[in-house]
Amino acid sequence: MVVVGAGVIGASCAYYLRQSGLAVTLIDSGQFGRGCSHGNCGFVSPSHVLPLAGPGAIGSTLKTLFKRNSPLKVRWRLDPAMWSWFWQFARRCNKRDAIAAGHAIQQLLVSSRTLYDELFQATLTDVEWDPAGLLFVCLTGPAMDRYAQTNRLLQNEFGVAATRFEGQSLKELEPSLKSSVAGAWRYATDGQLRPDKLMSAWRRRLDSIGVEIRENCALRDLVAERRVAHRILIDRGEIDADQVVIATGAWTPRLHKILRCPIPIQPGKGYSLTMSRPQLCPRSSLMFEEHRVAISPMQSGFRIGSTMEFAGYDSRMNGDRLRLLRESAALYLKEPLQGPTLEEWWGWRPMTPDGLPFIGRLQAFDNVYLAAGHSMLGVSMAPATGKLLAELISGCAPHIDPAPYAVSRGR
Ligand SMILES: Cc1cc2nc3c(=O)[nH]c(=O)nc-3n(C[C@H](O)[C@H](O)[C@H](O)COP(=O)(O)OP(=O)(O)OC[C@H]3O[C@@H](n4cnc5c(N)ncnc54)[C@H](O)[C@@H]3O)c2cc1C
């Protein structure tokens, strides 16, 4: 069994496949855990059930054409794959599709949250796991009221309810916020971890259970007889494979010829800044609702992250986006963020039009599977993805319904 791509998804797949008794080789074109799984915000968020494609999303996307400092940025290009992606996205920007996708997202989130509780007992240690909840913070009263509607929808449709905090109760709950902040909604179920430490923990665990990890080893081709892959070709050499799992995140569409089908994933570039903890450090993860900026107060550091740029595979670090993160945070937090930056980072989120990952067999093959497209929630969905994929491959009854994640679902 070969798993291609050593991000949080490939690592989770390798773990559950090995647990089911298979010999596993995990390869990566670069280093283990250095893709999008490295510098993200580390939220494990069962509350994030709604996909990006929802009512109002088209309007927000169009507004970004005229707004320089928008957290969402689209660089429109003559790229048929990008236009096709946005067409599929636009078709799903309605309440019915958003709720249907939300239920499928929720299955993976809830299962992963439970699995993480087990994994953090002994399997994955020293990851700075902190189940302190997540606060959605609003600067203005109208934003609080708008969020009240979202909260009602989440409660009625998904049973996910937040607690509202304003005035003195908010000051006591989160003293790091400016008193000008209008209020916040708290999700008690959520938590956070340090993503690079999670990946180090995965590496230690996979090494200890006998998964062979090969870095700087890119998949170049699959050697197949009709529908059955036998070997994978890498830069220098080949590896025998009776089954193959492709977990290459945002890079997956680039493999479409090898996989014999187009994969509707666009790279959604996000940034993060890591620094040391400020004196007045937030007590839990924060999400600044109007600016879509996330704050991760980790035990060994402090991270601001977010922004979503659809700019193809552009690998430049954009200083304006980093400045935007700092400026947005300064509107909400009492203490100015002025310490030295320990890491400036960007990553490509593997964005699908409907917000659901692809987990399942590729139509053109009997033994090649896909686990990619986890959009903004790869850390939060990883364990359930790995477990589900291992169940599908080993023929066990799946612990959640795999149908919504089928690779061949409605295009
Ligand atoms: C700013 C930011 C904040 C985020 N915050 C959160 C958060 O708080 N919570 C959350 O749940 N999610 C968050 N995410 C999303 C999350 O980071 C991603 O969904 C997740 O990391 C995707 O994991 P992956 O394993 O699919 O991809 P990756 O981690 O990118 O791994 C894919 C791997 O495939 C390898 N690869 C590519 N091509 C080949 C090839 N041909 N051969 C071999 N290997 C190959 C790459 O080198 C890479 O290592 C955030 C993302 C960003 C950008």
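Sequence order as written defines residue numbering, which begins from 1 separately in each chain. Local features in a predicted model are, by the rule used here, given only for residues with pLDDT of at least 70; side-chain atom pairs are given and counted only at 80 or more, and totals for whole chains, interfaces and linings are based on all residues. Hydrogens and waters are ignored; side-chain quantities use all the structure's heavy atoms.

Draft legend 1. Region of the structure containing the site of the ligand. Close to the ligand lie 36 residues; Asp28, Ser37, Phe43, Ser375 and Ser380 are nearest. Polar contacts here mean pairs of N or O atoms no more than 3.5 Å apart (in protein, one a potential hydrogen donor and the other a potential acceptor; neighbouring residues in sequence count only if both atoms are side-chain atoms). With respect to the ligand, the backbone of Cys36 contributes an N or O atom lying 2.9 Å from an oxygen atom. In the model, an oxygen atom of the ligand is placed 2.8 Å from a nitrogen or oxygen of the Phe43 main chain. In isolation the ligand offers 1,000 Å² of accessible surface; the protein chains occlude 95% of this area. For the shell around the ligand, the elements supplying multiple residues, two or more each, are α1 (8-19), β14 (266-275), β18 (341-351) and α10 (378-394). Here a helix means four or more residues in a row that DSSP labels H or I, a strand means two or more in a row labelled E, and each is numbered from the N terminus. Top contributing element to the shell around the ligand by residue count: β18, with 4 residues. If a single non-hydrogen atom of a residue is within 4 Å of a molecule or strand, that residue counts as near it. Here the Shrake-Rupley method, with its probe set to 1.4 Å, supplies the accessible areas, and only the displayed protein chains count as covering residues.

Draft legend 2. View of the pattern of salt bridges. Salt bridges are counted wherever a side-chain nitrogen of Lys or Arg sits within 4 Å of a carboxyl oxygen of Asp or Glu. Here the structure, examined in full by the defined rule, presents 18 salt bridges. Arg194 serves as the salt-bridge partner of Asp196, at 2.9 Å between the closest nitrogen and oxygen. For Arg194, a relative accessible area of 11% translates into the label buried. Accessibility here uses a 1.4 Å probe with only protein chains present; expressed as a share of the type maximum, an area under 20% marks a residue as buried, one over 50% as exposed, and anything in between as partly exposed.

Draft legend 3. Just the sheet that holds strand β11 (residues 228-234), in detail. Within the open sheet, the 3 strands sit side by side as β10-β11-β12. Their pairing is antiparallel. Looking at which strands have only one partner, the edges of the open sheet turn out to be β10 (219-225) and β12 (237-240). In this sheet, neighbouring strand axes are inclined to one another by 30 degrees on average, regardless of whether the strands run parallel or antiparallel. As judged from the 4 bridges shared by β11 and β12, these two strands associate in the antiparallel manner. Looking at the pairing, Leu233 lines up with Glu238 of β12. Two strands form a pair only when DSSP identifies at least two bridges running between them. Think of each axis as a best-fit line through the C-alpha atoms, taken over the contacting stretch in the case of a helix, with angles from 0 to 180 degrees between the N-to-C directions.

Draft legend 4. Broad picture of α1. In this model α1 runs 17 Å from its N-terminal to its C-terminal C-alpha over 12 residues, within 8% of the 16 Å that 1.5 Å per residue would give. Buried residues dominate α1, accounting for 10 of its 12 residues. Along α1, the residues classified as buried are Val8, Ile9, Gly10, Ala11, Ser12, Cys13, Ala14, Tyr15, Tyr16 and Leu17. For a helix, the expected span equals 1.5 Å multiplied by the residue count minus one.

Draft legend 5. Representation of the state of the cysteines within the structure. Working definition: a disulfide is two cysteine sulfur atoms within 2.5 Å of each other. A full pass over the atoms with the stated rule returns 0 disulfides. In this structure Cys217 is a free cysteine whose sulfur lies 17 Å from that of Cys13, the closest cysteine sulfur available. Not part of a disulfide, Cys396 finds its nearest cysteine sulfur in Cys13, a span of 15 Å. Residue Cys396 is classed as partly exposed on the basis of its relative accessible area of 44%.

Draft legend 6. The arrangement of the nonpolar core in detail. Nine residue types can take part in a nonpolar core, namely buried Ala, Val, Leu, Ile, Met, Phe, Trp, Tyr and Cys, and a core is a set of them joined through side-chain atoms within 4.5 Å. Core analysis: the largest hydrophobic core is formed by 72 residues, its most contacted members being Leu198, Trp202, Leu206 and Val245. For this core, the element with the most residues is helix α4 (residues 95-122), which contributes 10 residues. Here a residue-residue contact requires only that any non-hydrogen atoms of the pair lie within 4.5 Å. Setting aside residues no more than four positions away along its own chain, Leu206 makes contact with Ala11, Ala14, Tyr15, Leu26, Phe32, Val211 and Ile213. Grouped together as the second largest cluster of nonpolar side chains are 26 residues, Cys217, Ala241, Ile265 and Leu370 included.

Draft legend 7. Layout of unusual backbone geometry. Phi at Asp126 takes a positive value of approximately 60 degrees, unusual for a residue other than glycine. Looking at the element boundaries, Asp126 is found in the loop between α4 and β5 (134-138). Judged by its relative accessible area of 52%, Asp126 falls in the exposed class. With a phi close to 50 degrees, Arg292 is a non-glycine residue in the positive phi region. Of note, Arg292 is situated in the loop between β15 (285-288) and β16 (293-298).

Draft legend 8. Representation of the sheet that holds strand β13 (residues 244-246). One open sheet accounts for 6 strands, arranged β9-β2-β1-β13-β20-β19; its pairing is mixed. A strand with exactly one partner marks an edge of an open sheet, and here the two such strands are β9 (212-214) and β19 (358-361). Taking each pair of neighbouring strands and ignoring which way they run, the sheet shows an average axis angle of 15 degrees. Both strand β2 (residues 25-27) and β9 contribute to a ladder of 3 bridges, which runs parallel. Residue pairing across strands places Thr25 opposite Glu212, the latter belonging to β9. Sheet contacts for α10: β13, β19 and β20 (368-372); angle to β19, the most-contacted strand, approximately 10 degrees.

Draft legend 9. Structural view of the pairing of strand β17 (residues 301-310). Buried residues dominate β17, accounting for 10 of its 10 residues. Pairing geometry for β14 and β17, over 6 bridges, is antiparallel. Its bridge partner being in β17, Ser272 is matched across the sheet by Gly305. As paired elements, β16 and β17 share 6 bridges and run antiparallel to each other. Bridge assignment links Pro297 to a residue of β17, and that residue is Phe302. Connecting the antiparallel pair β16 and β17 is a turn made up of 2 residues.

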